[in-house]
Amino acid sequence: MGVMEALPLSDVRSTVTPQEWQMRVDLAACYRLMAVFGMTDLIYNHISARLPGSDEHYLINPYGMLYEEVTASSLLTIDIEGHTLLQPDHGYSVNVAGFYLHAPIHRARADVQCIIHTHTRAGTAVSALDEGLLPLSQTAMRFHGQVGYHEFEGPAINGLECERVVRDLGLRDVLILRNHGLLVCGQSVPQAFNAMYWLENACRIQVDVLGCNRPVREPSALAIDNTVTCFAGREITLVNQALTNPVLNEAARSPQGGYGSLEWAALLRKLDALDPSYKT
């Protein structure tokens, strides 16, 4: 990766565009929320967000900071070739796996703005099960038929393997990395966070259910299909359901869905109450 002169943290906001700053705030919030909801692995893992108006530049965390330490100013800007374009002066660089895993996806999928990768206990447990993610809960059914799988080849620091990750992801937004963890893509930071939050909870529920060592009640194929359809749009309210309810309006159906937007403001309020420093 290329190296450039470090920029003082206090100068980052005045250096970037207002659109980039907003993306930095949203991405920093996503890091903090992952910590709040127990989806971190010390300083490891990574979340990236493509910069507005750019096909090749994206933001990523400093390798050495806990997720609860990440701020809008501390994020690094790199490109899909591995060059550092904006290096804050905190003394941290980029986890090489954050480049090898994220850059090929950003290059191949122009529709993807945000990528989240985790090594959570439940997610890794499900990744090691031969059957993978099972439709045992409404939460899991959201992802039924929409999950890709990538066989474990070792830590993701091999560019050739990461091209195979892109192949196994395809046009999906969810990938289970066998014996490794989870990966989701989103058309926005809020959508990516929502998908990972639900995917992680689906994995936790599955581990809990299978750990009960009791007979499992499996839903019918019709119930699973109905649930997939219901979650194929975005948040539905009484006011907007004529446009957003995929059961009533087939045009509301989308492979990517749109969940995450409605709750984002509430999640930011939660962060503001806990520690608003993510916005700095």
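Residues numbered from 1 in each chain as written. Predicted model: local features only at pLDDT ≥ 70, side-chain atom pairs only at ≥ 80, totals over all residues. Heavy atoms only, no water.

## Some details on the overall build of the chain
The criterion, for reference: Each helix corresponds to a stretch of at least 4 residues labelled H or I by DSSP, and each strand to a stretch of at least 2 residues labelled E; elements are numbered beginning at the N terminus. Put simply, the radius of gyration uses C-alpha atoms, and a globule should come to 2.2 Å times the residue count raised to 0.38. Contact criterion: two residues are considered in contact whenever any of their non-hydrogen atoms come within 4.5 Å of each other.
Looking only at helices and strands, the chain has 10 helices and eight strands in total. Taken over C-alpha atoms, the radius of gyration comes to 19 Å for the chain, in line with the 19 Å a tight globule of 280 residues would show. Along the first, second and third principal axes, the C-alpha set of the chain runs to 60 × 45 × 35 Å. Counted over contacts in the chain with a minimum sequence separation of 6, partners at least 24 positions apart contribute 67%.

## Considerations on helix α10 (residues 261–274)
The test is simple: Multiplying 1.5 Å by the residue count of a helix minus one yields the expected span of that helix. Burial classes: relative accessible area under 20% of the type maximum marks a residue as buried, over 50% as exposed, and values in between as partly exposed (1.4 Å probe, protein chains only). When we speak of the arc, we mean the arc of directions from the helix axis to the C-beta atoms.
The end-to-end C-alpha distance of α10 is 21 Å, a good match for the 20 Å that 14 residues give at a rise of 1.5 Å each. Considered for burial, the residues of α10 that qualify are W264, L267, L268 and L271. Each buried residue of α10 lies within a common arc of 105 degrees when the element is viewed along its axis, so the set occupies one face. In α10, the exposed positions that point more than 90 degrees away from the buried face belong to L262, R269 and A273. On the buried face of α10, the contacting elements are α2 (18–36) and α7 (189–211).

## Digging into the packing of helix α4 (residues 121–128) against α7
The condition is simple: Axis angles are defined between N-to-C directions and span 0 to 180 degrees, where every axis is a line fitted to C-alpha atoms and, for a helix, only to the segment in contact. Should an angle lie under 35 degrees it is considered roughly parallel, over 145 roughly antiparallel, and from 65 to 115 roughly perpendicular; all remaining angles are considered oblique. Two helices that cross are described as forming a left-handed crossing if the nearer one is turned anticlockwise from the farther one by less than a right angle, and a right-handed crossing if clockwise. Each residue is assigned to one class: nonpolar for Ala, Val, Leu, Ile, Met, Phe, Trp, Tyr, Cys and Pro, charged for Asp, Glu, Lys and Arg, and polar for all the others, Gly among them.
In the contact formed by α4 and α7, the axes pass within 8 Å of each other and the chain directions differ by 70 degrees. Classed by the angle they form, the pair α4 and α7 counts as roughly perpendicular. The handedness of the crossing between α4 and α7 is left-handed. Residues A122, G123, A125 and V126 of α4 form the contact with α7, whose own contacting residues are E200, C203, R204, Q206 and V207. Partitioning the contact of α4 with α7 into residue classes produces five nonpolar, two polar and two charged.

## Brief notes about the pairing of strand β2 (residues 57–60)
For a regular strand, the rule is simple: side chains alternate between the two faces of the sheet. Going by this rule: Think of it this way: DSSP has to see at least two bridges between two strands before they count as a pair.
Across two bridges, the pairing between strand β1 (residues 46–50) and β2 is antiparallel. Residue pairing for β2: R50 is matched across the bridge by Y58. The sheet contact formed by β2 and strand β3 (residues 76–79) spans four bridges and is antiparallel. Its bridge partner lying in β3, Y58 is registered against I78.

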